[in-house]
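# Tertiary structure, described
Residues per chain are reported as follows:
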Amino acid sequence: KKGGRLFYVGTGTSGRLGVLDASEIPPTFGVSYDLVQGIIAGGYDALYKASEASEDDHGAGAYDILERGVNAADAVVGIAASGRTQYTIGAVERAREMGCFTACIVCTPNSALEKAVEVPIVPVVGPEAITGSTRMKAGTAQKLILNMISTVAMIRLGFVKGNRMTNVRPSNAKLRERSLRILMAETGLDAIAAEEMLFKAGGDLRVVLVMYLTQTDAETAREALAANRFVIADAVHQLGGERVPESE
């Protein structure tokens, strides 16, 4: 809420999972791609081909944090199954020195990574089916926890209404249909009326909901949203709160 961002840092599978979770936030919650970011050792090429040696470079982690413009307002979460990955340790240590909030997801208790952050999250998954292949149980646990972190963060920032993804970006047919269903559920409108309102708002569900709840036009709703970080509840509050339509 103070302008910070969330960064995930990792190598190999852990880094890929961080980038994956970060990439799914904008379409789901309608936020900027800058708000949640994944940093992976070896750069984005490492998403599809192995870059194993990069995980041993302590200085590279600190360097990549600085290159991405991380500052004291941000939160940095290191991800590593073993907790001894030098790249990730270097990144969170540098972030903590800068005054960032730091946390980690690590599957080995009492690791160096756990000791380097303020808040360690340590799911103990036990031995892997194939010894040392941490993309299996450890990777699954990391993915679940990343989902929890980003989802709760977006909820607390106000980018949902109830349990509905009301800030969804309707960028394809599936998401346009989902926007229509959410609008109908939130307002009680039938499909034809809901489609008409979405058309007036250029397909933006956030705008439609503010229009409906405050009985304003699309331009007024869009301006209120822009002034309130596109949080629907805050935009509605600025416009005087929810009002009952005259027809009711």
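Bear in mind the structure is a predicted one, so any value in this text is a computation, not a measurement.

### Observations concerning the sheet that holds strand E1 (residues 6-10)
Pairing in this open sheet of five strands is parallel, and the strands run E2-E1-E3-E4-E5 from one edge to the other. Two strands bound the open sheet, and with one partner strand each, they are strand E2 (36-40) and strand E5 (119-121). Each strand of the sheet is rotated relative to its neighbour by a mean of 20 degrees, with strand direction disregarded. Taken together, the three bridges between strand E4 (residues 101-106) and E5 define a ladder with parallel strand orientation.

### Re the pairing of E2
Most of E2 sits inside the fold, with five of its five residues counted as buried. Covered by surrounding structure in E2 are Val-36, Gly-38 and Ile-40 together with Gln-37 and Ile-39, the residues of both alternating faces. Bridge count for E1 against E2 is five bridges, and the pairing is parallel. Its bridge partner being in E2, Leu-6 is matched across the sheet by Val-36. Regarding the hand of the β-α-β motif, the stretch spanning E1, helix H1 (residues 12-29) and E2 is right-handed.

### Some points on the nonpolar core
Formed by 26 residues in total, the largest nonpolar core has its most connected members in Leu-183, Val-207, Val-210 and Met-211. Broken down by secondary-structure element, the contributors of at least two residues to this core are helix H6 (173-187), helix H7 (191-200), helix H8 (205-214), helix H9 (218-227) and helix H10 (232-238). Broken down by element, the residue count for this core peaks at eight residues, all from H8. Discounting chain neighbours no more than four positions away, the residues touching Met-211 are Met-197, Lys-200, Ala-201, Thr-216, Asp-217, Ala-218 and Ala-221.

### Looking at the side chain of Ser-111
With respect to the secondary-structure elements, Ser-111 resides in the loop between E4 and helix H4 (112-116). A distance of 3.1 Å separates the side chain of Ser-111 from the backbone nitrogen of Glu-114, its partner in a polar contact. What Ser-111 contacts, discounting residues up to four positions off in sequence, is Ser-82, Gly-83 and Val-106.

### Here we look at the state of the cysteines
Per the counting criterion, the structure on display carries zero disulfides. The cysteine Cys-104 is free of any disulfide, with Cys-107 supplying the nearest cysteine sulfur at 9.8 Å. Assessed through its relative accessible area of 0%, Cys-104 is described here as buried.

### Observations concerning the environment of Met-154
By the element assignment, Met-154 lies in helix H5 (residues 137-157). Sequence-wise, Met-154 and Phe-29 are 125 residues apart; in three dimensions their C-alpha atoms are separated by 7.1 Å.

### So, H6
Counted at 1.5 Å a residue, the expected span for H6 with its 15 residues is 21 Å, and the 21 Å between its end C-alpha atoms agrees. Within the sequence span of H6, burial applies to Leu-175, Ser-179, Leu-180, Ile-182, Leu-183 and Thr-187. When H6 is viewed along its axis, its buried side chains cluster within an angular range of 165 degrees and face the same direction. Along its buried surface, H6 packs onto H7 and H8. A distance of 3.2 Å separates the backbone nitrogen of Lys-174 from a side-chain oxygen at the start of H6, and that oxygen is part of Asn-172. At the C-terminal side of H6, Gly-188 shows a positive phi close to 80 degrees.

Rules of the game
Residues numbered from 1 in each chain as written. Predicted model: local features only at pLDDT ≥ 70, side-chain atom pairs only at ≥ 80, totals over all residues. Heavy atoms only, no water. Pairing = 2+ DSSP bridges. Helix = DSSP H or I, 4+ residues; strand = E, 2+ residues; numbered from the N terminus. Axes fitted to C-alpha atoms, helices over the stretch in contact; angles between N-to-C directions. Buried < 20%, exposed > 50% of the residue type's maximum accessible area, 1.4 Å probe, protein only. Right-handed = clockwise from strand over helix to strand, strands pointing away. Core = buried A, V, L, I, M, F, W, Y, C linked by side-chain atoms within 4.5 Å. Contact = heavy atoms within 4.5 Å. Polar contact = N/O pair within 3.5 Å; in protein donor to acceptor, adjacent residues only side chain to side chain. Disulfide = S-S within 2.5 Å. Expected span 1.5 Å × (residues − 1). Arc of directions from axis to C-beta.

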